Amino acid sequence: MTTTQDALADARPLGRHQAHERVPRSSGLAAWSLYAVVALDVVVGTYYRFTTTSKMWLDEAQTVNIASLPARTIPHELRLDGAPPLYYELLHFWMGLVGHSDSAIRSLSGLFGVLALPVMWLVVRRGFGKLEGILALAVLAASPFAVYYSTEARMYSLVTLLVTAGIGAVQALLARPTVPRAALVSVLAALLLYTHYWSLYLLLVVGVWLLYVALRAGKQRRRSAVYGLSALVVAGLTFLPWVPTFLYQRAHTGTPWASAPTLASVYGWLAGFVFNQQVQNETLSLHLEVGLLSFIGLLILGFAAAPAGRDRLEFRLTGQPRSRVLAFVAIGTLAVGWVASRAAGTAFQPRYSSVVFPVMVVLVALGIVALPSRWLQVAVLVVASVASLWTVHWGAHAQRSQAGKAAVMLHAVVPSGSVVVVCPDQLGPSLLRYAGTTTYHYVGFPRFEPPKIVDWIDYKHVVEQTSLTVFAHRVTALAGSSPFYLVWSKGYGYHQVCSDFVSTLSTVSARSPKTLLVAKKYVYYQSMNLLEYPPADAPTP
């Protein structure tokens, strides 16, 4: 997960050499200015890890609904969802301690996000140097990606914490191979496997690198690599009990809501580290543009550059020694993930790259260190921090779901017990969280069941086999002469289906719907329309 033994031997001396020998000693004011910016990043970043005004969207509400089940049933229920169980089990017990409010539930992710900060500082400080450590701390603290997933009831902040700790564990094992250190690597790798499946790609790439070291290095380094490979094998063995569920999920769930990635997806992967997924339709603004340019520029500097004097940089096309393996792991993992997703026809979302995000953070920190003066380092850190914290503040007020508004409208005008159709049922988990699971008679498209938990098993096939006309007749029969309501939206991999269903339902029921709520795709990541179909004997509007 980090540098080779050669790179480790160079890492700390190189960091100090770059910061203090090639670069003239900085004034105390420059040093204190740097520390002040880092402190501001940590304080503000920590605050926003527990701050959001948004309601929960599909993935969060689905996670909470599964985690609310009895702990022993969660693994079986996940066959419907397509994820490993660790975060769900942890969230189950966390909700038992702190309650079921949005803020209480999300605080688990916030806790993981805060814990990652000192771990990142310690790992990078020990592996690369003091300056690198505090800069990595600042980058992680202010990162819009890290902050956003610290406010989401999903597993991505836990992934960031585990990978960051894994970098330190591999560093320690390579420095001095011992059984306890190998055991720590194995435990962290196993926890990652039970947290997110993209960890498989990360561990595969790390394993390839360790095999290369074992085949090419000297005796002591070969021993370290063998210990590392053994640790990964043991982690893989611990995953065997979950393999049948994993294979079932892979065959029957996948990502039916999106298509396989293209080469153009690479831009989205990079932008995802800066923009986060709160923007359904991104309209670039200054803080996003500056943040993205800073991120890409510092990644390049972190990989290739080192200071060569007061106003000069040395670039190596093959990368600086201590950055090569970091780049190999990051790029290799994303490349393997792209190929696997392309082959399986499954989606890639920027959030999946949380498995390499800590590596990116280290490279960005190395990019700042590569600048040839302390004041220049301060200036670049200020620019990057301002852009990042601006995005963080903006994101804290961006809305992920329109479910809260839809629930308010339902409560205001819809009698209890009324039929409420949800199309697609992917809107259901968040809608039912705020409208109440028993307040109305819900039916979700395509399965005609209450959509509290989306059943992803063979989802695409079920949608294709569901007749809109037959479904509309069932809705009309269920409602009788009473009014019924439709919550619907475009997107979710089925842009036209629910649009067609609106007109089909009007034709079959012979009722003209009235719009109660309009979906606002530019405001909400998960937008919703609400229609009222009047009583059968009501005059047509």
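Here we summarise the structure given alongside this text. (Residues numbered from 1 in each chain as written. Predicted model: local features only at pLDDT ≥ 70, side-chain atom pairs only at ≥ 80, totals over all residues. Heavy atoms only, no water.)

### Concerning the overall build of the protein chain
A count of helices and strands for the protein chain gives 23 helices and 9 strands. Taken over the C-alpha trace, the protein chain has a radius of gyration of 25 Å; the compact-globule value for 541 residues is 24 Å, and the two agree within 12%. Viewed in the frame of its principal axes, the protein chain has a C-alpha envelope of about 85 × 50 × 45 Å. Sequence-distant contacts in the protein chain: of pairs separated by 6 or more residues, those separated by 24 or more amount to 77%. Here the protein chain has roughly 21,900 Å² of accessible surface; of this, 64% comes from carbon and sulfur atoms. (Helix = DSSP H or I, 4+ residues; strand = E, 2+ residues; numbered from the N terminus. Rg over C-alpha atoms; globule rule 2.2 N^0.38 Å. Contact = heavy atoms within 4.5 Å. Areas by Shrake-Rupley, 256 points an atom, 1.4 Å probe, with all protein chains shown as cover.)

### What about the pattern of salt bridges?
For the coordinates displayed, the defined rule picks out 7 salt bridges. Its salt-bridge partner being E132, residue R322 comes within 3.0 Å of it at the nearest N-O pair. With R322 in the loop between β2 (313-315) and α16 (324-344) and E132 in helix α7 (residues 130-142), this residue pair connects regions lying 190 residues apart in the sequence. When sorted by exposure, R322 lands in the same class as E132, which is buried. E314 is the salt-bridge partner of R316, the closest N and O atoms lying 3.6 Å from each other. The structure contains a network of salt bridges with shared partners spanning E60, R106 and R400. (Salt bridge = Lys/Arg side-chain N within 4 Å of Asp/Glu carboxyl O. Buried < 20%, exposed > 50% of the residue type's maximum accessible area, 1.4 Å probe, protein only.)

### Concerning the side chain of E532
One can find E532 in strand β9 (residues 529-533). Although E532 is buried, it forms no salt bridge, and the closest oppositely charged side chain is K514 at an N-O distance of 4.7 Å. In this structure, E532 is in contact with F484, Y485, S512, P513, K514 and L516, ignoring residues within four places of it in sequence. (Lys, Arg positive; Asp, Glu negative; His and termini not counted.)

### A short note on the packing of helix α6 (residues 102-127) against helix α9 (residues 156-175)
Closest axis-to-axis distance for the α6/α9 pair is 8 Å, and the angle between their directions is 20°. In terms of orientation, α6 lies roughly parallel with respect to α9. Here the hand of the crossing between α6 and α9 comes out left-handed. Here S109, F112, G113, L115, A116, V119, M120, V123 and G127 of α6 come into contact with α9, specifically with S157, L158, L161, T164, A165, I167, G168 and Q171. Here the residues of the contact of α6 with α9 sort into 10 nonpolar, 7 polar and no charged. (Axes fitted to C-alpha atoms, helices over the stretch in contact; angles between N-to-C directions. Parallel < 35°, antiparallel > 145°, perpendicular 65-115°, else oblique. Left-handed = near helix turned anticlockwise from the far one by under 90°. Nonpolar A, V, L, I, M, F, W, Y, C, P; charged D, E, K, R; others polar.)

### Comments concerning the side chain of E60
If you trace the backbone, E60 turns up in helix α3 (residues 58-67). Not counting the four nearest positions on each side in its chain, E60 is found in contact with K55, R106, T151, E152, A153, R154 and R400.

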